[in-house]
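Here are the chains, one letter per residue:
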Amino acid sequence: MQIRTQQYVGALISALLMALIGVTLIHSMRTTDQAIQRSDFVNSLNAKGISGLRLVTVEYIIYRSERAKQQWQLRHDSFAQLLAQDVFEDPTEQSILENIRQQNQYLKDAFSALVDLNREPGGSVQEAALTREVERRLVTQLMLISQDSVIDARRLAQITADKIRESQRQTSQLLTILVGLIGIVIASHFVTTLNQILTPIKRLKLGVEAFARGEFSFRTRVKVNNELGVLSQTFDQMAERLGETMTALERKTIQLLETNRELESFSYSVSHDLRSPLRGIDGWGLALIEDYGEQLDATAHTYVERIRADTQRMGQLIDDLLLLARVTRAEIKHELVDLSGLAQSVADRLKSAQSERRIEFVIQPGLSAAGDPRLLEIGLTNLLDNASKFTGTRAEARIEFGETVTDEPEPGVRRRVYFVRDNGVGFDMAHAQRLFGAFQRMHKTSEFPGTGIGLATVQRVVHRHGGSVWANAKPDQGCTFYFTLSPANPNPLRMPTRVDDGISETSNENSKETS
Amino acid sequence: MRYARRTEVLLLAATVPLFLLTIFAWPSIRGWYAPPALPKEKITIALCNTYPGSGLLYLAVAKGFYVQEDLDVTLQPYTTGLDAMKAMLEKRADLGTTGDTPLMFAVMAGHPVAVVATIFTAGGAFGTVARRDQGIESISDLKSKRIGVTRGTDGDFILSTMLARSRISPDHVKLVPLPPEAMVDALTAGKVDAVTSWEPWLTRAQKSLGEKGVEFRIDSGFVLNFSLAGDPEWIQNHPDKIQRLLRALLRAQKFADENWSEAQAIIVKSEQIDPATFDTAGTRYRFVVQLSQGLLILLEDMARWAIQNKLTDRTTVPNFLDVIDTTALTAVSPDTVTIVR
């Protein structure tokens, strides 16, 4: 049964039972009201009728007063009016009430006979004695009749009380049954909810938790005929499909890693193996100049020099490729690295190597990060060397290394990043997607020499640390490289709704190589 | 999950019938804990089988109420309550039915007797049937006439009352002692001018005389009792028997209250009374088990009447409270005991 249907049925049965309880209570209240009404009537029979009549009867017997006689008649008449009411439906009660009516009539007869007797006082002694005897008999009769009326009124009261008790008992029994039925409904609802809803939900929760742990082999196996049954079935199907997809993905990842390893191994081998013949070509070129230089004309000299220059450039290219391969293959260490110190030493080296240039390095002191010092040095060297190269046309070069807060590359999430900024030639951001690709260049080699592998190496270093790297530049307005060294900043700074500062570091014009 | 569903269905299927069964079978379940049946107790009751007053005793036989109380009851029928009383006093029966007058005379005579319950009351059931050809048209005309009456019965007391109301002294009439069954013949044969008796003899006498007869009924408000009495010592020694008997009679009373027509038919069939007895105008019969203050008042009134008319050697009214044993009836139905104590 569907959960919706279950709920409807449960609500319907509960409503029916509640309605029955309501009807029972209303019926009970009505019955009780009627019984109380009858009880009041019976009480008034005793209080207003029989007791009053007995009192004035005794008064009359003792004092024979006219006032007592009048009162007797008044009370008798009002009692007769009270008795004329038809308040009982039960034959037994009607019969008893009829008895009391008759007794009231007998009382009147006997009382009238007593009054008449007093009007005719006996003449002779014998007649007087007979009168006294009749009088005693009538008094006895009055007492007996009124006593019978009392007994009958008591019986009526007893029957009325019994009916009230019986009504209460029946109501209690019915309510007990109804409450019991409600209990059964609640118990059934509880068991149904437990088996049909809560247990499937629990299984589904276990399934979701298993998914969160990456266990796609978990199956809910819930067999209930409701919405949760359908959901569980769908969940199990989804798990089946996901499991298959994950298995395929893992297989492909393994294949990809294997291919990568083979490629790296291949490129390393090729690079390494190429160095030897290149060194040979360069050496033999040098030997040719040194041993037969005088026999060669100027054009031959030029050709040999070009051969050597290209050979050296190819050697540099191979070195860079080997470096990139090493960066990729090297086992990474994690220790606290003084980035400011590292940047300063690279800057000093660059300054001494280009002493003829006017380069200003601005290094933010106190920057440090967890990472591999060897790889970070390679990364920073490439970035600073890159900046130095593309500021070569500037009379006053300015290169900065520091830390800033930006919402790039995820707008809305501000975080701390490191940056290397220069006032070089910059580049057009339309080509930014090629920036970190190996052998990709944005400027002619004749303008800015290079192999086009430096930024690819930087990206590999940053990725090995779990971070990301990106750039922001404009042609002839300098360039800024940003990088992070962790997968996600543990304390991302949420951007305010209204941004008014953004990245303030884009300033000087720069040109740069993007290899 | 399928197992859980099956369990749920089984649980429901078992709980609902069990619940309903418990409710409907509760009386039977309680019955299992009822005490074991008691041995049957024998009891012999002398009763008047010509008077409706013994009705409840017969009704309890017909409806098995004695059996339900584990009583083995033997009913000894007699023509009058006086005879039944004599049988009890002579120990031929454990208990006997009696009208108020025989009971009063037994107490006045010093017989050991105690009333355990009134089982019937009658209003207007007594009266006098007289011959018109003897010049009798009213009660006053009974003066100097021969009147048949069963001495020592309620008829005796009623006749005296009727005469007194007409200012006729008992000395001015000739009372002819007659058993009730002999009255109709005596009246039709002219051996008496009138008879004073009770139903069914009054109706029979009136029918036998036809137009020649005239009937004077005591008014319906004049109520006499019919009670169950026994030896006080025997009653004290057998309280359980008495209580069981009274419980059976109370059940018979309840049955009569609720099934009056059927009860009437059973009583008419069991006793030697006419079916018309219950339909006689002016009579007011009540099958009721009780001990009322009225019984005490009436017995004392009768005692004064007996003393005044020198029908007894006693000169003082005894304390009739001593001869009414309320113990058993109070134990089984306290509400029906209205004697002031």
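Scope of this entry: the structure provided in the associated data block. (Residues numbered from 1 in each chain as written. Chains lettered and ligands numbered in written order. Predicted model: local features only at pLDDT ≥ 70, side-chain atom pairs only at ≥ 80, totals over all residues.)

1. Concerning the overall build of chain B
Thinking step 1. Scanning chain B from terminus to terminus reveals 14 helices and 11 strands.
Thinking step 2. Put simply, chain B has 341 residues, and 50% of those count as buried.
Thinking step 3. For chain B, contacts bridging at least 24 residues in sequence account for 80% of all contacts bridging at least 6. (Helix = DSSP H or I, 4+ residues; strand = E, 2+ residues; numbered from the N terminus. Buried ≥ 20, exposed ≤ 12 C-beta atoms within 10 Å, placed from the backbone. Contact = placed C-beta atoms within 7 Å.)

2. Side note on the pairing of strand 4 (residues 114-123) of chain B
All names here are of chain B.
Thinking step 1. Along strand 4, 10 of the 10 residues are buried, which leaves the element largely enclosed by surrounding structure.
Thinking step 2. In this sheet, strand 10 (residues 223-230) lies alongside strand 4 in antiparallel orientation, the contact comprising 8 bridges. Bridge pairing in strand 10 places Ala122 opposite Leu224.
Thinking step 3. Sheet topology note: the strand 4/strand 11 (residues 284-286) ladder contains 3 bridges and is antiparallel. Within strand 11, the position partnered with Thr121 by the bridge is Arg286. (Pairing = 2+ DSSP bridges.)

3. Some thoughts on the interface of chain B and chain A
Thinking step 1. Across the contact, 35 residues belong to chain B and 33 residues belong to chain A.
Thinking step 2. When contributions to the side of chain B that touches chain A are tallied by element, the ones reaching two or more residues are helix 1 (2-24), helix 7 (154-165), helix 11 (239-258) and helix 13 (293-308) of chain B.
Thinking step 3. Looking at the side of chain B that touches chain A, its residues break down into 12 nonpolar, 11 polar and 12 charged. (Nonpolar A, V, L, I, M, F, W, Y, C, P; charged D, E, K, R; others polar.)

4. Description of the packing of helix 2 (residues 66-84) of chain A against helix 3 (residues 91-119) of chain A
All names here are of chain A.
Thinking step 1. It is the contact of helix 2 with helix 3, at a shortest axis distance of 11 Å, that shows an interaxial angle of 160 degrees. Judged by the angle between their axes, helix 2 and helix 3 are roughly antiparallel. The two elements helix 2 and helix 3 meet at a crossing, and its hand is left-handed. Listed contacts from helix 3 to Lys69, Trp72, His76, Phe79, Ala80 and Leu83 of helix 2 are Leu97, Ile100, Arg101, Asn104, Lys108, Phe111 and Val115.
Thinking step 2. Class assignment of the residues belonging to the contact of helix 2 with helix 3 gives a composition of 8 nonpolar, 2 polar and 3 charged. (Axes fitted to C-alpha atoms, helices over the stretch in contact; angles between N-to-C directions. Parallel < 35°, antiparallel > 145°, perpendicular 65-115°, else oblique. Left-handed = near helix turned anticlockwise from the far one by under 90°.)

5. Quick word on the sheet that holds strand 11 of chain B
Residues and elements named next belong to chain B.
Thinking step 1. Taken in spatial order, the 6 strands of this open sheet run 2-1-3-10-4-11, and their pairing is mixed. Each edge of the open sheet is held by one strand with a lone partner, namely strand 2 (71-78) and strand 11. Adjacent strand axes in the sheet meet at a mean angle of 25 degrees, parallel and antiparallel pairs treated alike.

6. Quick notes on helix 7 of chain B
Residue and element names in this part refer to chain B.
Thinking step 1. In this model helix 7 runs 17 Å from its N-terminal to its C-terminal C-alpha over 12 residues, within 8% of the 16 Å that 1.5 Å per residue would give.
Thinking step 2. Among the 12 residues of helix 7, 12 are classified as buried, and the element is accordingly described as predominantly covered.
Thinking step 3. Within helix 7, the full set of buried residues consists of Asp154, Gly155, Asp156, Phe157, Ile158, Leu159, Ser160, Thr161, Met162, Leu163, Ala164 and Arg165.
Thinking step 4. Where helix 7 ends, the next residue or the one after it, Arg167, has phi of about 60 degrees, a positive value. (Expected span 1.5 Å × (residues − 1).)

7. A closer look at the pairing of strand 1 (residues 41-48) of chain B
Residues and elements named next belong to chain B.
Thinking step 1. Both strand 1 and strand 2 contribute to a ladder of 8 bridges, which runs parallel. Directly across from Thr44, in strand 2, lies its bridge partner Thr74.
Thinking step 2. With 2 bridges connecting them, strand 1 and strand 3 (residues 95-99) associate as parallel partners. Counted as the bridge partner of Ala46 is Gly96 from strand 3.

8. Some remarks on unusual backbone geometry
Residues and elements named next belong to chain B.
Thinking step 1. A cis amide bond links Glu199 with the next residue in sequence, Pro200, at an omega value of 10 degrees.
Thinking step 2. By the element assignment, Pro200 lies in the loop between strand 8 (194-198) and helix 9 (201-209).
Thinking step 3. A positive phi angle, near 65 degrees, is found at Lys91, a position not held by glycine.

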